[in-house]
Amino acid sequence: MKSRLLGAFVALGLLASGAASAQLLPEPAGPVVLTITGTVDKTNRGPFDPFLDGLLNSHGVTGFQKAATFDVAMLEALGMKSLKVRYPEWPKGYTFEGPLLRDVLTAAGARGSTIRFLGLDGYEPEIPVTDAYNHDAVLAVKVDGRYLGIGDRGPVWLVYPRDTDPKLKGMDDSKWLWAGFFMTVE
Ligand SMILES: Nc1nc2c(c(=O)[nH]1)N[C@H]1C(S)=C(S)[C@@H](COP(=O)(O)O)O[C@H]1N2
Ligand SMILES: [Mo]
């Protein structure tokens, strides 16, 4: 009897600590600019809502159960990394600022090998998770000191240190998702 009671308390304790570690991501205070679903442990929102998640619905993204959501302040709090890039096709060089992709994945407790990263326009390249660890890829929220926004290349632009990382020399920019807002990690 005594040991069964003890067992019940231990089970309760495990449940409580499990619930605590699943809730390590704070609630966003401002507008959500990035949502990560798939294999994520640290979540702060519930299931897909076919009415309120209107843009996701229009892209055919349905059915997720939980996700990690970030406002700009949460992304900035992960630590801003600055990165200068000059593409031959671009009008000039730009300075990007944002958290490292791997720090965002860690904050979401994301595990897996592939990120499908969806842009507002429906473009959805596959990003190998190894990119986040082999390179200092940045999820830029700012360009030349100005916040990215809806209608330009924001809210989030995935950029690689192409000019300073020798392994990236000459890479094309097909994985440089601009207007990014939704990731599925699997
Ligand atoms: N949201 C979004 N991001 C995108 C694309 C796109 O069509 N939509 N095209 C990709 C490709 S194929 C390239 S070459 C670069 C540059 O595309 P741009 O010429 O449209 O800037 O952005 C990448 N990121
Ligand atoms: Mo491209």
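Quick caveat: nothing in here was measured; it's all calculated off a predicted structure.

## Observations regarding the pairing of strand β1 (residues 34-38)
Along any regular strand the residues' side chains alternate between the sheet's two faces. Across the 5 residues that make up β1, a large majority, 4, are buried. Here β1 pairs with strand β2 (residues 68-70) via 3 bridges, running antiparallel. Its bridge partner lying in β2, Thr35 is registered against Thr69. In the sheet, β1 pairs with strand β11 (residues 180-185) via 4 bridges, with the strands oriented parallel.

## A look at unusual backbone geometry
Here Gly154 and Pro155 are connected by a cis peptide whose omega angle stands at 10 degrees. Following the sequence through the fold, Pro155 ends up in the loop between β9 (146-147) and β10 (157-159). Despite not being glycine, Asp144 has its phi angle at roughly 50 degrees, a positive value. The topology assignment puts Asp144 in the loop between β8 (142-143) and β9. Relative accessible area serves as the criterion here: at 39%, Asp144 is assigned to the partly exposed category. If you check the backbone angles, Ala179 has positive phi at about 55 degrees while not being a glycine. Tracing the backbone through its elements, the reader meets Ala179 in the loop between β10 and β11.

## Some thoughts on the site of ligand 1
Near ligand 1 you find Asp121, Tyr123, Arg153, Asp173, Ser174, Trp176, Leu177 and Trp178, and these make up its full shell. The separation between a nitrogen atom of ligand 1 and a polar main-chain atom of Trp178 is 2.7 Å. Its free accessible area being 510 Å², ligand 1 has 64% of it covered by the protein chains. Across the shell around ligand 1, the residue classes tally to 4 nonpolar, 1 polar and 3 charged.

## Section: the pattern of salt bridges
Counted under the stated rule, the structure contains 10 salt bridges. The partner of Asp41 in a salt bridge is Arg111, with the nearest N and O atoms 3.1 Å apart. Taken together, the positions of Asp41 in the loop between β1 and α2 (54-58) and Arg111 in the loop between α4 (101-107) and β5 (114-119) put the pair 70 residues apart, joining distant regions of the chain. Looking at Asp41, the relative accessible area reads 37%, which means it is partly exposed. For Arg111, a relative accessible area of 48% gives the class partly exposed. The residue Asp131 makes a salt bridge to Lys175 at a minimum N-O spacing of 2.8 Å. Highlighted residues: Asp131 in helix α5 (residues 130-134) and Lys175 in the loop between β10 and β11, separated in sequence by 44 residues. Given a relative accessible area of 23%, Lys175 falls into the partly exposed group. Salt bridges linked by common partners bring Lys81, Arg102 and Asp136 together as one network.

## Points about the confidence of the model for the protein
Per-residue pLDDT for the protein averages 91, and the proportion of residues at 70 or more is 88%. Residue range residues 13-22 is modelled with pLDDT below 50. Its contacts to residues more than four positions away, or to other chains, number 4 contacts.

## Examining the side chain of Asp165
In this structure, Asp165 sits in the loop between β10 and β11. A polar atom in the side chain of Asp165 sits 2.7 Å from the side chain of His135.

## Details of the packing of aromatic side chains
On inspection of all chains with the given rule, the structure shows 11 aromatic pairs. Here Trp90 and Tyr94 contribute two aromatic rings whose centre-to-centre distance is 5.7 Å and whose plane-to-plane angle is 65 degrees, an arrangement assigned as edge-to-face. Relative to Trp176, the ring of Tyr160 has its centre 5.9 Å away and its plane inclined at 40 degrees; by these criteria the two rings are tilted. Residue Tyr160 is located in the loop between β10 and β11, and its partner Trp176 is located in the loop between β10 and β11; the two are separated by 16 residues in the primary sequence. Like Trp176, Tyr160 is buried. Members of the aromatic cluster, connected to one another through ring pairs, are Tyr87, Trp90, Tyr94, Phe96, Trp157, Tyr160 and Trp176. Against the face of Tyr147 rests Lys142, its NZ or CZ located 4.7 Å from the ring centre.

Quick notes on the rules
Residues numbered from 1 in each chain as written. Chains lettered and ligands numbered in written order. Predicted model: local features only at pLDDT ≥ 70, side-chain atom pairs only at ≥ 80, totals over all residues. Heavy atoms only, no water. Buried < 20%, exposed > 50% of the residue type's maximum accessible area, 1.4 Å probe, protein only. Helix = DSSP H or I, 4+ residues; strand = E, 2+ residues; numbered from the N terminus. Pairing = 2+ DSSP bridges. Near = heavy atom within 4 Å. Polar contact = N/O pair within 3.5 Å; in protein donor to acceptor, adjacent residues only side chain to side chain. Areas by Shrake-Rupley, 256 points an atom, 1.4 Å probe, with all protein chains shown as cover. Nonpolar A, V, L, I, M, F, W, Y, C, P; charged D, E, K, R; others polar. Salt bridge = Lys/Arg side-chain N within 4 Å of Asp/Glu carboxyl O. pLDDT = per-residue confidence, 0-100. Contact = heavy atoms within 4.5 Å. Phe/Tyr/Trp six-rings, centres within 6.5 Å; stacked < 30°, edge-to-face > 60°. Lys NZ or Arg CZ within 6 Å of the ring centre and 35° of its normal.

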